[in-house]
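Here is how the chains run, residue by residue.
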Amino acid sequence: MRNVIVTLLTISVLTASAARAETIVATVNGMVCAFCATGIEKSFKKQTAVAAIKVDLEGRKVTVQTKPDATLGDAVVTKLITDAGYAVVDIARQP
Amino acid sequence: MFLHKALHGGCCLALVSSLIAAPVFAKPISYVGGTMIMQENDETGYTLAVDYTLTPKIAVGFYGKTEISGDKFTVAGPQVNTLVKRWNLPEGQGNIFTMTGAGLAQRNGAGPNDTQFAAWTGVLADYETRRIFTSYELRLMYAQHIEKSAWQRARIGFAPYLANYDDLNTWIMLQVDHHPAKSRAISVTPMVRFFYKSFLAEGGVNTRGEVLFNWVQQF
């Protein structure tokens, strides 16, 4: 019985942690040059909260996957993209 | 002599390394905290620029050039690049930059007594989409009795295929340089540009058969 409780608690903790990771999708204007847009990737990769990043010129999107339990606020996302030389149009979040 | 040897040596080393490694010419401001090395080789000489981007609108660094045509001289010194205006559009981006510096100039092969104060400034305007590229650049150089000159450059280009971020990007370009003080004032260079992630290289041969090769690395 004790083992079952411990297992259930562990699963619930892991599930809760995993649920805290999120996907952030920013729509960006001006992002037409792959060479110049590497600054976005480099800037986000310096953030400890970031697990992965994908830049899509065709869709004008920057998609950021955060690490479990980590957060990246809209203000930070906007600053990183603006500091790389681009304009953020919209930010959407998916759990 | 010292300036010439230092810059020429550095450029040769950089050129050799770039040829060995494989891959040009980019905006003088990258991303905040980013460093960029730009190296250019054409019939007028060898140019090296290293920039560190402080803010989205300001980069500081070093600019040096060894001129090998006309008055042969070398100039080098710190440079400040500014973004005057940027248009971030859904399908394109336009920019106006300035590049201004001051340092020392010396005739190639001359002694240290020939070293002169030098200052330079330039403006670069560009507009690009994923399919087309256009730019115009005007540069002014003043180096007391060694050099007083102006030159301008225009480029147009197109991408033969639409590459995404993780692809090898290819551009076909035409560059026109106008150096009023030189005997052959106009140079027309068809060229090809490649870039992949943070490395860019371009090369071409002008209508007189002279080779151009440039590369840029972002860190």
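This text goes with the structure placed above it.
Residues numbered from 1 in each chain as written. Chains lettered and ligands numbered in written order. Predicted model: local features only at pLDDT ≥ 70, side-chain atom pairs only at ≥ 80, totals over all residues. Heavy atoms only, no water.

Engineer: I'm lost on the pairing of strand E5 (residues 92-107) of chain B in this one. Help?
Structural biologist: Across a regular strand the side chains alternate sides, sitting on one face of the sheet and then on the other. Residues and elements named next belong to chain B. Where strand E4 (residues 73-89) lies against E5, 14 bridges are found, and the strand directions are antiparallel. Bridged to Leu-89 within E5 is Gly-92. The turn linking E4 back onto E5 is made up of 2 residues. With 13 bridges connecting them, E5 and strand E6 (residues 116-128) associate as antiparallel partners. Among the inter-strand pairings, Gly-101 is bridged to a residue of E6, identified as Trp-120. (Pairing = 2+ DSSP bridges. Helix = DSSP H or I, 4+ residues; strand = E, 2+ residues; numbered from the N terminus.)

Engineer: Would you mind showing me how to read the pairing of strand E9 (residues 169-178) of chain B here?
Structural biologist: Residue and element names in this part refer to chain B. In this structure, strand E8 (residues 147-158) lies alongside E9, joined through 7 bridges in antiparallel fashion. Bridging across to E9, Ala-154 finds its partner in Val-176. Across 10 bridges, E9 lies against strand E10 (residues 186-196) in antiparallel orientation. Looking at E10, one finds that His-178 is bridged to Ile-186.

Engineer: Please clarify how the side chain of Asn-29 of chain A should be interpreted in this entry.
Structural biologist: Structurally, Asn-29 of chain A is set in strand E1 (residues 23-29). Asn-29 of chain A gets classed as buried once you look at its relative accessible area, which sits at 12%. Within the local environment of Asn-29 of chain A, its side chain forms a polar contact with the side chain of Arg-60 of chain A, the two groups lying 2.7 Å apart. Every residue in contact with Asn-29 of chain A, bar those within four places of it in the chain, is listed here: Arg-60, Tyr-86, Ala-87 and Val-89 of chain A together with Asn-88, Leu-89 and Pro-90 of chain B. (Buried < 20%, exposed > 50% of the residue type's maximum accessible area, 1.4 Å probe, protein only. Polar contact = N/O pair within 3.5 Å; in protein donor to acceptor, adjacent residues only side chain to side chain. Contact = heavy atoms within 4.5 Å.)

Engineer: Please explain the pattern of salt bridges as it appears in this structure.
Structural biologist: Within this structure, the stated rule accounts for 20 salt bridges over all chains. Between Arg-107 of chain B and Asp-114 of chain B there is a salt bridge; the shortest N-O distance is 3.7 Å. A salt bridge links Arg-139 of chain B to Glu-137 of chain B, with the nearest nitrogen and oxygen atoms 2.8 Å apart. Owing to a relative accessible area of 11%, Arg-139 of chain B belongs among the buried residues under this scheme. Ionic contacts of the salt-bridge type, sharing partners, join the residues Glu-41 and Lys-45 of chain A together with Asp-166 and Lys-197 of chain B into one network. (Salt bridge = Lys/Arg side-chain N within 4 Å of Asp/Glu carboxyl O.)

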